[in-house]
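# Structural features, examined
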Amino acid sequence: MSSAAPRTTGQDHLWSVDEHLEDILATVRPLEPIELQLLDAQGCVLVDDVTVPVSMPPFDNSSMDGYAVRVADVAGASEEFPAVLDVVGDVAAGQADLLHVGPGQAARIMTGAPLPPGAEAVVPVEWTDGGLGEGPVSGMNARSLAPEGASGHVHVFRPAEARAHVRAKGSDVKAGDRALEAGTVLGPPQIALLATIGRGTVRVRPRPRVVVMSTGSELVQPGEELAGGQIYDSNSFALTAAARDAGAIAYRVGAVADDAETLRSTIEDQLVRADLMVTTGGVSVGAYDVVKEALSYVGDEDEAGSGIDFRKLAMQPGKPQGFGSIGPDHTPLLALPGNPVSSYVSFELFARPAIRTLMGLEDVHRPRTTATLTADKALTSPKGRRQFLRGTYADGAVSPVGGAGSHLVAALAHADALIVVPEDVESVEPGTEVEVVLLG
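The text that follows walks through the structure, step by step, so that each part is easy to find.

Turning our eyes to something else, we now look at the pairing of strand β26 (residues 397-400). In the sheet, strand β23 (residues 368-373) pairs with β26 via two bridges, with the strands oriented parallel. Across the sheet, residue Thr-372 finds its bridge partner in β26, namely Ala-397. In terms of strand pairing, strand β25 (residues 386-394) meets β26 through four bridges, oriented antiparallel. Along β26, the bridge assignment pairs Thr-392 with Ser-399. Here β25 folds back onto β26, and the loop between the two strands holds two residues, one of which, Asp-395, carries a positive phi near 55 degrees.

Right under this line is the structure:
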């Protein structure tokens, strides 16, 4: 077993929130780019600009089911005096050999089919008798049921302007245009655009793999029976969901008992599938807070920079924190506190930006704004600590939800914002403008 000791900066040093975050973001680096198939690239960040190789659509095509016509042949057409045209055949989507539409002629055309030579516009089938010799129709009969519809005559009851119901070549994107910029997160519309311009693969930074692990002998998996002194493990579920929400591929490891050797071996086993590890619990000063003990021996003493630094932060909740790298690949690890609200707030402030950095995004933080505090009484905050209170935000106002306790999960479930009280502020009166971190 290797024995790299935790990195220490002095037990009495109180880190600020900003110092701790800066240390994390200075250490974490974006993942190396890889080439992926389109669907595998969903949620990933594009590495290079993508240009359009061929204009789309690559030809003029119909936006309606109807008839391709010459403008002069339908000028002045009405239900009383329809234009009567010879139907020279069908033009279907995907058809390569096109008919020619001459004077007094029309071609029955389907949506997406190329505009045939000679035609200048498309009249929707609803403007015609569909070749049936009666009044306006609501649609076409299937060709297999009525093949005669591709010949004979059609009555057109309305005129059409030039290019009516025609999608022009290059009207979506033109060859040489920049389709997507580097740094774009690939969602369904972006995947559709890449497929539209013929890209089968794309170069991206992969979604980071995040392993989430909770610690504590008192923890029981949801669905099991509670014994005396036990509680359900909520942290690993909350943080795994939060990691996925941030864009990661997240793996949840069941709660590990308060045994340093078991925790140590579990962490080492999980390193193979982790770009980032997040533990919750066991980082305070209790006799059974074993994360410190376990992480003292995870890593490689010959690897410069390996080891975890456990520190105290000038924040509430979330004072005890740990950060460093472990293993031969220097996998970054964030050791978060065990109280549910402390762990979630810590994740939002530190782990989420780390995940977004691994993805290669430039904007890695939750959006922030200012809002007017709406409350029954002044909010109090410990001197010298940056406090993050749960709140609900709407229309430029924010209201606190629940108390300051770091175990109040029910209040957290109703919050969509964090109210930030600076280190030098001990009381915030209702009506005061406060900084707000938006979680939704």
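Time to look at helix α7 (residues 340-359). An α-helical turn contains 3.6 residues, so a residue and the one three or four places further along point in the same direction. The largest bend in α7 amounts to roughly 45 degrees and is located at Phe-347. The element α7 is largely enclosed, with a buried count of 19 among its 20 residues. A positive backbone phi angle near 95 degrees is found at Gly-360, which sits one or two residues after α7.

Assignment of secondary structure puts Asp-97 in the loop between β7 (83-91) and β8 (105-109). A C-alpha to C-alpha distance of 9.2 Å links Asp-97 and Pro-116, two positions 19 residues apart in sequence.

Moving on, we get to the packing of aromatic side chains. Throughout the structure, instances matching the rule amount to zero aromatic pairs. Note that Arg-158 overlies the ring of Trp-127, its terminal NZ or CZ placed 4.1 Å from the centroid. In this structure, Arg-311 packs its charged tip against the face of Trp-15, placed 3.6 Å from the ring centre.

What follows covers the side chain of Ser-381. Within the secondary structure, Ser-381 sits in the loop between β24 (379-380) and β25. Overall, Ser-381 belongs to the buried group, its relative accessible area being 7%. Polar side-chain contacts of Ser-381 include one of 3.3 Å to the side chain of Gln-387. In contact with Ser-381, other than residues within four places in its own chain, are Gln-387, Val-421, Val-425 and Glu-426.

With that settled, the discussion passes to the environment of Gln-316. If you trace the backbone, Gln-316 turns up in strand β20 (residues 315-316). The sequence separation of Gln-316 and Leu-193 amounts to 123 residues, and the corresponding C-alpha distance is 45 Å. Once you skip the residues sitting within four places of it in the chain, Gln-316 turns out to touch Pro-382, Arg-386, Gln-387 and Phe-388.

This paragraph deals with the packing of helix α4 (residues 235-246) against α7. The N-to-C vectors of α4 and α7 enclose an angle of 30 degrees; their axes lie 9 Å apart at closest approach. The angle between α4 and α7 falls in the class roughly parallel. For the element pair α4 and α7, the recorded crossing hand is right-handed. On the side of α4, the interface is formed by Asn-235, Leu-239, Ala-242, Ala-243, Asp-245 and Ala-246, while α7 contributes Pro-340, Ser-343, Tyr-344, Phe-347, Arg-352, Ile-355, Arg-356 and Met-359.

With mixed pairing, the five strands of this open sheet are ordered in space as β9-β6-β8-β7-β10. Of all the strands in the sheet, just β9 (121-124) and β10 (153-156) have a single pairing partner and so form its edges. Geometrically, the sheet is characterised by an average inter-axis angle of 40 degrees between neighbouring strands, direction not taken into account.

Two pairing modes exist for strands in a sheet, parallel and antiparallel, and in both the strands are linked by backbone hydrogen bonds. Spatially, seven strands are ordered β1-β19-β21-β22-β18-β14-β17 in an open sheet, and the strand pairing comes out mixed. Two strands bound the open sheet, and with one partner strand each, they are β1 (14-15) and β17 (249-256). Looking at chain direction, strand β19 (residues 307-313) and strand β21 (residues 320-326) are connected through six bridges and run antiparallel. Its bridge partner lying in β21, Asp-309 is registered against Phe-323.

Definitions and cut-offs
Residues numbered from 1 in each chain as written. Predicted model: local features only at pLDDT ≥ 70, side-chain atom pairs only at ≥ 80, totals over all residues. Heavy atoms only, no water. Pairing = 2+ DSSP bridges. Helix = DSSP H or I, 4+ residues; strand = E, 2+ residues; numbered from the N terminus. Bend = angle between axes of the 7 residues up to and from the residue. Buried < 20%, exposed > 50% of the residue type's maximum accessible area, 1.4 Å probe, protein only. Phe/Tyr/Trp six-rings, centres within 6.5 Å; stacked < 30°, edge-to-face > 60°. Lys NZ or Arg CZ within 6 Å of the ring centre and 35° of its normal. Polar contact = N/O pair within 3.5 Å; in protein donor to acceptor, adjacent residues only side chain to side chain. Contact = heavy atoms within 4.5 Å. Axes fitted to C-alpha atoms, helices over the stretch in contact; angles between N-to-C directions. Parallel < 35°, antiparallel > 145°, perpendicular 65-115°, else oblique. Left-handed = near helix turned anticlockwise from the far one by under 90°.

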